[in-house]
Amino acid sequence: MLPDRPTKLVPPVLARMAAWCVCLILVGVVVYVFALIIARLTFVALPVAIALLLTALLFPLTNSLRQAGMRPIYATWITMLVALTVLVGTGWLVGARATEEFPGLVSQVQATAREVQDWLITGPLHLQQAQITGYVDEFAKMIDTQRQAIAGTVLSAGAVAVEVLASIVLLLFVTFFLLKDGDRIWAWILKGFGGVAPRVDRAGRAAWTTLSHYVQGTVAVAAVHGLIMGIVLAGMGVPLWAPLAVLIFLASFIPIVGIFFAGTVATLVTLGSQGPVLALVFLGILVVEQQLENHVLQPLIVGRALNFHPLAIILVLSIGGILAGIAGAAVAVPVAAVIYRALPELRHAQPALPSPPHHEELPHDGKPPRPKPGPQGRTEAGPGPGPEPGAGAGEDAPPAEDGARAEDRRGVDNE
């Protein structure tokens, strides 16, 4: 009776809430430890995560080549070569445009600087030439005093470049083997789950489909953003509009900070080449387009691909940014979508198959079942054909002597 007393003292609702709280605390501890492990292994975890995204983006091409009858190794090599061709071609186009238009950009920046200097002297500010020269000298001194810090930054940037190069090599290897042997790797992982492997398999496939839709939707949004800004820059006659459009496209994959960096570079280039008026116009268009992307394109395209409501997309992005900054905002939507799609498959059991039509099964020895005894000790004939003509006397056949006695009795009666 003593073990029941605490249960009776606590209301059932409170006991249930306490059990849920304990479970949530345990899950939170596990997630926190897992996050610490990932943070410790960032050099490996980040390339693997990017490789998963690239695999989700490139797998449709590999799958189409496989379905056409091509071997997996050849389909994977063709997919990788196509992706590298697109990247190298885009880089070559951007580099060629930059080399061609950079001298003109320098001359335009110099002309704009002279115009700004004249406006500062003759405009409403009425600055003196000596004041402008003093401002320039102070800026030069500030750069000179920060030379050591800048040199240290360059050296650290060199170390970061080496790490980035190693990460790119690891990324390419992981992407290649995921495209080639992804199904075999997944089958090997499922072996460790034992009896719950079917549920894990369904959850993993649902998560993979969701991740693929997210990557495709994000690429579509970034492409629209880069295309619109490229058209705006080309219409204003800004040099390097093609490299700036590619920069905006790549920066769209990094929420907030990415577009802030790319927008700042594009605005400065516009300011140096076309003057402050067009720079302000471009900045206004960039802000309006960015708001449309965040509140219209991102929820509609990505939300439709994930079957997420636009409000859910906005809330998930906000929560991820608050909890983990830029990285949290970048992975908040795919993580939430994957969890949302995978949990139902883990919770629900596989539906039972329809029962086959009823039929009489033979026993293990392969012989037909013996007839069941009927009333009065006689046996009942089972389904199937009756005894063959001329067959020997069985259990149900009357004895021969009984038939002869019956004939004698009929003869006596007739007499």
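As a reminder, the structure under discussion sits directly above these lines.
The following refers to the structure shown. (Residues numbered from 1 in each chain as written. Predicted model: local features only at pLDDT ≥ 70, side-chain atom pairs only at ≥ 80, totals over all residues. Heavy atoms only, no water.)

Focus on the overall build of the protein chain
Helix and strand counts for the protein chain come out as twelve helices and zero strands. Of the regular secondary structure in the protein chain, the N- to C-terminal order runs α-α-α-α-α-α-α-α-α-α-α-α. For the protein chain, buried positions account for 22% of its 415 residues. For the protein chain, restricting intrachain contacts to residue pairs at least 6 apart in sequence, the fraction spanning at least 24 positions comes to 64%. Carbon and sulfur atoms form 71% of the exposed surface of the protein chain, whose accessible area is close to 29,300 Å². (Helix = DSSP H or I, 4+ residues; strand = E, 2+ residues; numbered from the N terminus. Buried < 20%, exposed > 50% of the residue type's maximum accessible area, 1.4 Å probe, protein only. Contact = heavy atoms within 4.5 Å. Areas by Shrake-Rupley, 256 points an atom, 1.4 Å probe, with all protein chains shown as cover.)

Regarding the side chain of Thr-76
Here Thr-76 is to be found in helix H4 (residues 72-122). A relative accessible area of 0% places Thr-76 in the buried class. With near-sequence residues (within four places) excluded, Thr-76 lies in contact with Thr-62, Phe-176, Leu-179 and Lys-180.

Overview of the packing of aromatic side chains
Under the definition given, this model contains two aromatic pairs. Seen in terms of ring centroids, Trp-77 and Phe-176 are 5.0 Å apart; in terms of plane orientation they differ by 55 degrees. Their pairing is tilted. With Trp-77 in helix H4 and Phe-176 in helix H6 (residues 147-190), this residue pair connects regions lying 99 residues apart in the sequence. Judged by centre distance (5.3 Å) and plane angle (85 degrees), the ring pair of Phe-176 and Phe-177 falls under edge-to-face. We classify Phe-176 as buried; its relative accessible area is 13%. Members of the aromatic cluster, joined through ring pairs, are Trp-77, Phe-176 and Phe-177. (Phe/Tyr/Trp six-rings, centres within 6.5 Å; stacked < 30°, edge-to-face > 60°.)

A closer look at a nonpolar patch on the surface
A surface patch of nonpolar side chains, about 980 Å² in accessible area, is lined by Ile-25, Val-29, Tyr-32, Val-33, Leu-36, Ile-37, Leu-41, Phe-43, Val-44, Val-48 and Leu-52. Residue assignment for the nonpolar patch shows that the elements contributing at least two residues are helix H2 (12-40) and helix H3 (42-67). Take the nonpolar patch: its biggest share by element is six residues, from H2. Relative to the helices and strands, Val-48 resides in helix H3. Judged by its relative accessible area of 31%, Val-48 is partly exposed. (Patch = residues over 30% accessible without salt bridge, like charges linked within 9 Å, V, L, I, M, F, W, Y side chains within 5 Å. Salt bridge = Lys/Arg side-chain N within 4 Å of Asp/Glu carboxyl O.)

What to know about helix H7 (residues 197-235)
Since the α-helix turns once every 3.6 residues, residues separated by three or four places project in the same direction. In this model, H7 (39 residues) spans 57 Å end to end at C-alpha, consistent with the 57 Å of a helix rising 1.5 Å per residue. Of the residues flanking the end of H7, it is Gly-237, one or two places downstream, whose phi is positive at about 75 degrees. (Expected span 1.5 Å × (residues − 1).)

A look at unusual backbone geometry
A positive phi angle, close to 60 degrees, is found at Leu-240, a residue other than glycine. Relative to the helices and strands, Leu-240 is located in the loop between H7 and helix H8 (241-251).

Observations regarding the nonpolar core
One finds Met-229, Val-238, Leu-244 and Phe-282 to be the most contacted residues of the largest nonpolar core, which totals 14 residues. Of the residues forming this core, the biggest block, four residues, is contributed by helix H9 (residues 257-274). Leaving out residues up to four positions away in the same chain, Leu-244 has contacts with Leu-233, Val-238, Pro-239, Val-265, Ala-266 and Val-269. Within the second largest apolar cluster, eight residues are counted, among which are Leu-211, Tyr-214, Ile-313 and Val-316. (Core = buried A, V, L, I, M, F, W, Y, C linked by side-chain atoms within 4.5 Å.)

Brief notes about H3
End to end, H3 covers 36 Å across 26 residues, agreeing with the expected 38 Å (1.5 Å per residue, within 8%). Helix geometry: H3 is bent most strongly at Leu-58, by close to 45 degrees, with proline Pro-60 lying one to four residues after it. Taken residue by residue, H3 has Pro-47, Ala-51, Thr-55, Ala-56, Leu-58, Thr-62 and Leu-65 as its buried positions. Downstream of H3 by one or two residues, Gly-69 has phi in the positive range, about 105 degrees. (Bend = angle between axes of the 7 residues up to and from the residue.)

Observations concerning the environment of Ala-329
Its place among the elements puts Ala-329 in helix H11 (residues 310-347). Take Ala-329: its relative accessible area is 5%, and that puts it in the buried class. C-alpha separation for the pair Ala-329 and Ser-318, spaced eleven residues apart in sequence, amounts to 7.1 Å.

What about the packing of H7 against H8?
In contact at an axis separation of 8 Å, H7 and H8 are set at 155 degrees when each is read in the N-to-C sense. On the basis of their axis angle, the class for H7 and H8 is roughly antiparallel. Regarding H7 and H8, the two cross each other, and that crossing is right-handed. Residue-level inspection shows Val-219, Ala-222, Ala-223, His-225, Gly-226, Met-229, Gly-230, Leu-233 and Ala-234 of H7 in contact with H8, the latter providing Trp-241, Leu-244, Ala-245, Ile-248 and Phe-249. Grouping the constituent residues of the contact of H7 with H8 by class yields eleven nonpolar, three polar and no charged. (Axes fitted to C-alpha atoms, helices over the stretch in contact; angles between N-to-C directions. Parallel < 35°, antiparallel > 145°, perpendicular 65-115°, else oblique. Left-handed = near helix turned anticlockwise from the far one by under 90°. Nonpolar A, V, L, I, M, F, W, Y, C, P; charged D, E, K, R; others polar.)

Considerations on the pattern of salt bridges
Inspection of every chain in the model, using the stated rule, returns four salt bridges. Measuring nitrogen to oxygen at the nearest pair gives 3.1 Å for the salt bridge that ties Asp-181 to Lys-180. Owing to a relative accessible area of 13%, Asp-181 belongs among the buried residues under this scheme. The shortest N-O distance in the salt bridge between Asp-201 and Arg-205 comes to 2.9 Å. Taken together, the residues Asp-201 and Arg-205, both in helix H7 and four residues apart, mark about one turn of the helix. Here the salt bridges share partners, and the residues they tie into one network are Lys-180, Asp-181 and Arg-184.

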